[in-house]
Amino acid sequence: MLRVADHFERSDTGRARRENEDSFYARSPMFAVADGMGGAQAGEVASQTAVQVLQQGLPERGGSVEERLRELVTEANARINALSRADEQHAGMGTTLTLAYVGEHELSVAHVGDSRLYRLREGMFERLTDDHTLVEELVRQGKLTPQEADHHPQRSIITRALGPEAAVEADSHTWPARDGDVYLICSDGLTSMISERQVGELLAAAPSLSDAGRKLVDAANAAGGRDNITVILFRLEDVGALGGGGPTQDTTEHDAVSAPASEEATVGGAAAEAATASGGRAATAVAAPPAEPAARPREPRAPRPPREEPGRRRRRRISPGVFLGLFLVVAILLSAYYASQTVYFVGTSDDGFVTVYRGLPYDGPAGLDLYNVNYLSSVPVSELPAGQRRLVTEHKLRSRDDAQDLVRQMETGALRRQ
Ligand code: MG
């Protein structure tokens, strides 16, 4: 009989984002990572709502473990979808969810999105889940190579998420598990920053799960930390037929603020932690830390509105500063226009003749000229004495009479004699 001998979890905001929209759940024997998306902190609400649903544990009745995991996913989706419909601020929010459950002899998972599950077994590091992403589907269709997918600009677009639609299909699997297996569940903030090979090597070389977890987060941040980074690690041991051995070694560590022990997660607020002991096993449920003011678009993901990014679907408001800036730009342009109607300068035409221009000697935005020809003389600039050429190249602002008098003198030669 298997049990969780050790586990470690950490969620880190990363170096580019100001808020952490990832949440996780770690209460042996169930572990999950949720990576939220949506503007105005909606991503946190989505991922924390998913974690909150997991607090109720695996449904006691029903079919197989996989079916009951999918039931949790369905319930989480329904709850997030209802919240997104009830509040315009949360419209379109969503989250990934990768949810693993340790059985007596096997590991089951249900997942939606691109948060991944990996297994390290006897030195072999292997991904167990398929991403629900545009690029991974293109790879499966043979339209992209895995190498191309790794660097594809749209690699973070996901094709399934909890929340955006009233119904969602979760993938689920069950694998035989073994003594010594180490499992990693992570958000894409880890795997988009460092390669799977690096992840596997760091994990295999680390002396403990806590050391491995810290090194993984540090490596993702060292590589840029462009997204929130969440890792959950757990190791299984076989305790024999009777099972239920001694207490689990709990190396849980996270960046969340601890809340009073409670079975209820705090959603949309401070991180919640529920630590209970059950059957000699440490139990910890944690939501990611509350967000600070947000930044970046996570790049848009499909089908929900795209992330990042940023692309994230944030409702945009015009701040007073932007308003003032726009006002100043308009005022400057209007001033320039009126000024251009009252001033003149002497310059050179395209074909080299002395010319009087009305307006300002500048090119406006978008290729617009701030001047036009007022008078085109027959005096080639090339024939002017060197001392007078400066008068047509300095573009000094003049009154109309002054500019026209100057050119007239050039035409008559009067200026030359002065
Ligand atoms: Mg992410």
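Above this text sits the structure in question.
Predicted model only: the values in this text are computed from it and were never measured.

Visitor: Help me out: how do you make sense of the overall build of the chain in this one?
Guide: When you go through the chain residue by residue, the secondary structure sums to eleven helices and 19 strands. When each of the 418 residues of the chain is scored for burial, the buried share is 49%. Residue pairs in contact within the chain that sit at least 24 positions apart in sequence constitute 66% of those at least 6 positions apart. As displayed, the chain offers around 19400 Å² of accessible surface, 52% of which is attributable to carbon and sulfur atoms.

Visitor: Is there a simple way to think about unusual backbone geometry in this case?
Guide: Peptide bonds are trans in most cases, and residues, glycine excluded, mostly fall at negative phi. The residue after Ser-28, namely Pro-29, is reached through a cis peptide bond having omega 15 degrees. Among the secondary structure elements, Pro-29 is positioned in the loop between strand E2 (22-27) and strand E3 (30-37). A positive phi is found at Glu-122, a non-glycine position, where the angle reads about 50 degrees. The residue Glu-122 is located in the loop between strand E7 (116-121) and strand E8 (124-127) in this model. Look at Glu-122 and you get exposed, because its relative accessible area is 72%. If you check the backbone angles, His-395 has positive phi at about 55 degrees while not being a glycine. By the secondary structure assignment, His-395 is in the loop between helix H9 (386-393) and helix H10 (400-412). Note on His-395: relative accessible area 31%, which makes it partly exposed.

Visitor: So what exactly am I meant to see when it comes to the environment of Arg-408 here?
Guide: Counting through the fold element by element, Arg-408 comes out in helix H10. When the C-alpha positions of Arg-408 and Ser-377 are compared, they lie 8.2 Å apart, and in sequence the two are 31 residues distant.

Visitor: Got a minute to help me understand the pairing of E2 in this structure?
Guide: The side chains of a regular strand alternate, residue by residue, between the two faces of the sheet. Most of E2 is tucked away: six of the six residues are buried. Across six bridges, E2 lies against E3 in antiparallel orientation. Within E3, the position partnered with Tyr-25 by the bridge is Ala-32.

Reading the values: rules and limits
Residues numbered from 1 in each chain as written. Predicted model: local features only at pLDDT ≥ 70, side-chain atom pairs only at ≥ 80, totals over all residues. Heavy atoms only, no water. Helix = DSSP H or I, 4+ residues; strand = E, 2+ residues; numbered from the N terminus. Buried < 20%, exposed > 50% of the residue type's maximum accessible area, 1.4 Å probe, protein only. Contact = heavy atoms within 4.5 Å. Areas by Shrake-Rupley, 256 points an atom, 1.4 Å probe, with all protein chains shown as cover. Pairing = 2+ DSSP bridges.

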